[in-house]
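Remarks on the overall topology
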Amino acid sequence: MARRKKQENKEPQYVVMNDLDEVFIGLLGGNFVFSPFWEEAKPLYLSNTKLLTLGGKCTLIEENEFFN
């Protein structure tokens, strides 16, 4: 059986930054975790950023702007 190539999603990803200039790095115990260490940032698809941006205290930075 031939292996299928993984389809690459061309949808842009975003880094979420809070009002303290920290970046989202994941979840811990159901809570959002932010870090001042930008190299730990976890890029997310736009559809996965809704809960993070609901309070209006977070900003989205497109991944290609962030890592270049």
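See the structure above.
Rules used in this analysis
Residues numbered from 1 in each chain as written. Predicted model: local features only at pLDDT ≥ 70, side-chain atom pairs only at ≥ 80, totals over all residues. Heavy atoms only, no water. Helix = DSSP H or I, 4+ residues; strand = E, 2+ residues; numbered from the N terminus. Buried < 20%, exposed > 50% of the residue type's maximum accessible area, 1.4 Å probe, protein only. Contact = heavy atoms within 4.5 Å. Areas by Shrake-Rupley, 256 points an atom, 1.4 Å probe, with all protein chains shown as cover. Pairing = 2+ DSSP bridges. Phe/Tyr/Trp six-rings, centres within 6.5 Å; stacked < 30°, edge-to-face > 60°. Patch = residues over 30% accessible without salt bridge, like charges linked within 9 Å, V, L, I, M, F, W, Y side chains within 5 Å. Salt bridge = Lys/Arg side-chain N within 4 Å of Asp/Glu carboxyl O. Core = buried A, V, L, I, M, F, W, Y, C linked by side-chain atoms within 4.5 Å.

**Details of the overall build of the protein chain**
Of regular secondary structure, the protein chain possesses two helices and five strands. Sequence-ordered secondary structure for the protein chain, helices as α and strands as β, is β-β-β-β-α-β-α. For the protein chain, the residues scored as buried account for 24% of the 68 residues in total. For the protein chain, contacts bridging at least 24 residues in sequence account for 53% of all contacts bridging at least 6. Total accessible area computed for the protein chain in this model is approximately 5700 Å², and 52% of it derives from carbon and sulfur atoms.

**Brief notes about the pairing of strand 3 (residues 31–35)**
For strand 2 (residues 23–28) and strand 3, the ladder comprises five bridges, and the chain directions are antiparallel. If you follow Leu28 over to strand 3, its bridge partner there is Asn31. Hairpin connection from strand 2 to strand 3: two residues lie between these consecutive antiparallel strands, with Gly29 at a positive phi of about 60°.

**Regarding the side chain of Thr49**
Tracing the backbone through its elements, the reader meets Thr49 in the loop between strand 4 (44–45) and helix 1 (50–53). In contact with Thr49, not counting residues within four places along its chain, are Val16, Leu44 and Leu60.

**Some words on the packing of aromatic side chains**
Scanning the entire structure with this criterion turns up two aromatic pairs. A ring pair is formed by Phe24 and Phe32, whose centres lie 6.0 Å apart and whose planes are at 75°; its orientation type is edge-to-face. Look at Phe24 and you get buried, because its relative accessible area is 5%. One aromatic cluster is present, formed by Phe24, Phe32 and Phe34 through successive ring pairs.

**Quick word on the environment of Pro43**
Counting through the fold element by element, Pro43 comes out in the loop between strand 3 and strand 4. For Pro43, a relative accessible area of 21% puts it in the partly exposed group. Between the alpha carbons of Pro43 and Glu62 there is a distance of 8.5 Å; along the sequence they are 19 residues apart.

**Some points on a nonpolar patch on the surface**
On the surface, Leu27, Phe32, Leu51 and Leu54 cluster together into a nonpolar patch covering about 480 Å² of accessible area. Tracing the backbone shows Leu54 in the loop between helix 1 and strand 5 (58–62).

**Considering the nonpolar core**
Counting residues in hydrophobic clusters, the biggest one holds five residues: Val16, Phe24, Leu44, Leu52 and Cys58. Beyond its immediate sequence surroundings of up to four residues, Leu52 is in contact with Val16, Phe24, Phe32, Phe34, Leu44 and Cys58.

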